[in-house]
Amino acid sequence: MKILTLEDFELKGKTILLRVDMNCPIDPTTGEISGIKRIEEATETIKALSNAKVVVVSHQGRVGNKDYIGMEQHAKILERILGKKVTYVQDVIGSLAQETIKKMQNSEIILLDNLRFCAEENYEFTPEDASNTMMVQRLGKLFDLCVLDSFPSAHRSHPSLVGFSHIIPTCAGKIVEREVRKLEEILTVAKAPHVIVLGGSKVTDRLEAIKMLIKRGRADQILLTGLIANVFMRAQARIKYPLGIKGEEDAVAKAHALMGEYPDVFFTPVDVAINNDGKRVEVDVRLLNKGDQIYDLGPKTIEHYSKIISSAGTVFISGPPGFFESEDFSYGTRSMLQAVADSMATTIVSGGHLTSALKKYGLAEKITHISTAGGALVLYLTGEKLPMIQSLESAATRYRAR
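Q: Looking at this structure, how should I read the sheet that holds strand 11 (residues 279–284)?
A: Sheets are built from strands that pair by backbone hydrogen bonding, the pairs being arranged parallel or antiparallel. Ordered by their spatial adjacency, three strands build an open sheet running 11-10-12, and the pairing between neighbours is antiparallel. Two strands in the sheet have a free side with no partner beyond their single neighbour: strand 11 and strand 12 (294–297). Averaged over all neighbouring strand pairs, the angle between strand axes comes to 35°, with direction disregarded. By the bridge criterion, six bridges tie strand 10 (residues 271–276) to strand 11 in an arrangement that is antiparallel. Counted as the bridge partner of Asp271 is Asp284 from strand 11.

This is the structure in structure tokens:
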């Protein structure tokens, strides 16, 4: 591998900065964590560092959003899962954080506060500039090793992801090591036709990646679901009213241009399920009215999409097709995942929501690779170099050249 792993270092007694991704869904009404999968995933590498002094760091939410909160809840949940004391430090780069790190005993675990409370972590930097930020300069000198285990954030170039590798030895954690190893393996043997099933709510990120997926030969057929399907249906004039989403007109224009450039690649729903006073009602897309809330795929669309998936060589699915958390609107998600699991293709399932759904429906064992990442994985499949992975590769080159 081009990157270093935990096996390349003597860990006992070392002070280690562990960058994970514990960015959890937050209930907007209570402010409480509503899903702990990312915290559970972080424990694998923490356990592997049991003979070291471990300082765990993560971001949570975005500035101005309701999920932009401190890490106290995360510390309590992490402590419960590990069955071991986790000290929460209400500071990121200040004197409290620095002094607590200096006083750590072996096998102790502390969790610093939300990295994005430090202004620099909300911006993208070149690796060189990131290494000169206050975050990296103040904290870097306190550590023997930086461990990057934040694959869902690997497409970002924030200081915590690309800066420390310039000043201290840096390696991959267990999740990142497994993701890189498995994905390199898959991309070597992946065969056509490549079928991409895209859903979820992150329209802008999806639109930016779609063109690269097609150009790099990673998307022969794109089956659209969720909010991004609505944007494409609006571009087709099959939905004749505004969707009411941020940046809608720009997104619709991009979708229209993509369909014009690649007319045989995109597939959109022919029928959907709407939420009518909490009940599932299936409707032909042409009969949709303003105010109808699309919550799932309809049966004709599911049948059509399933046939395409069954003849695929490689299938990548990212983002749930509907509100699968509600039993009435879980049909599309369950059916799409079942079709993927039943296919003879090499299969990749991406992101936390679908991972939860796979386990819920008992299909996880039938999937080639289940990834922790969403947007980062889409970019990885296009062949784009992810900033965090580049950072790990550069750190490995420097370390081996010593």
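Q: What is the right way to read the packing of helix 9 (residues 226–235) against helix 10 (residues 248–261) from this model?
A: Two measures define how a pair of helices packs: the angle their axes make with one another and the distance between the axes. It is the contact of helix 9 with helix 10, at a shortest axis distance of 8 Å, that shows an interaxial angle of 75°. When the axes of helix 9 and helix 10 are compared, the pair comes out roughly perpendicular. Contacts between helix 9 and helix 10 involve Val231, Phe232, Arg234 and Ala235 from the former and Glu248, Glu249, Ala251, Val252, Ala255, His256, Leu258 and Met259 from the latter. Here the contact of helix 9 with helix 10 is built from residues that sort into eight nonpolar, one polar and three charged.

Q: How do you make sense of the nonpolar core when you look at a structure like this?
A: Looking at soluble globular proteins, one finds that nonpolar side chains tend to be buried together. Val55, Leu139, Phe151, Ile210, Ile222, Phe232 and Phe266 are the most contacted members of the largest nonpolar core, which totals 69 residues. Excluding residues that lie within four positions of it along the chain, Phe266 makes contacts with Ile210, Ile214, Ile222, Leu224, Phe232, Leu258 and Met259.

Q: How should I be thinking about the packing of aromatic side chains in this particular structure?
A: Here a ring pair, both rings aromatic, is described through the centre-centre distance and the interplanar angle of the planes. Applying the stated criterion to the full structure yields six aromatic pairs. Relative to Tyr399, the ring of Phe9 lies with its centre 4.9 Å away and its plane at 50°, an arrangement referred to as tilted. Residue Phe9 is located in the segment before strand 1 (15–20), and its partner Tyr399 is located in helix 15 (residues 387–400); the two are separated by 390 residues in the primary sequence. One aromatic cluster is present, formed by Tyr295, Phe323 and Phe329 through successive ring pairs.

Q: What exactly am I supposed to notice about helix 3 (residues 95–102) here?
A: Residues spaced three or four apart along an α-helix face the same direction, because each turn holds 3.6 residues. Every buried residue of helix 3 is listed here: Ala97, Gln98 and Ile101. Angular distribution of buried residues about the axis of helix 3 spans 95°; they occupy a single face of the element. Buried residues along helix 3 sit against strand 1, strand 2 (53–57), strand 3 (87–89), strand 4 (109–112) and helix 5 (134–140).

Q: What should I look at first to understand the packing of helix 11 (residues 299–310) against helix 12 (residues 331–342) in this one?
A: At a closest axis distance of 9 Å, the pairing of helix 11 and helix 12 adopts a crossing angle of 15°. Relative to helix 12, the element helix 11 is oriented roughly parallel. Note that helix 11 runs across helix 12; the crossing there is right-handed. Taking contact as the criterion, the partners of Pro299, Ile302, Tyr305, Ser306 and Ile309 in helix 11 are, on helix 12, Tyr331, Gly332, Ser335, Met336, Ala339 and Val340. Taken together, the residues of the contact of helix 11 with helix 12 sort by class into eight nonpolar, three polar and no charged.

Rules behind the numbers
- Residues numbered from 1 in each chain as written.
- Predicted model: local features only at pLDDT ≥ 70, side-chain atom pairs only at ≥ 80, totals over all residues.
- Heavy atoms only, no water.
- Pairing = 2+ DSSP bridges.
- Helix = DSSP H or I, 4+ residues; strand = E, 2+ residues; numbered from the N terminus.
- Axes fitted to C-alpha atoms, helices over the stretch in contact; angles between N-to-C directions.
- Parallel < 35°, antiparallel > 145°, perpendicular 65-115°, else oblique.
- Contact = heavy atoms within 4.5 Å.
- Nonpolar A, V, L, I, M, F, W, Y, C, P; charged D, E, K, R; others polar.
- Core = buried A, V, L, I, M, F, W, Y, C linked by side-chain atoms within 4.5 Å.
- Buried < 20%, exposed > 50% of the residue type's maximum accessible area, 1.4 Å probe, protein only.
- Phe/Tyr/Trp six-rings, centres within 6.5 Å; stacked < 30°, edge-to-face > 60°.
- Arc of directions from axis to C-beta.
- Left-handed = near helix turned anticlockwise from the far one by under 90°.

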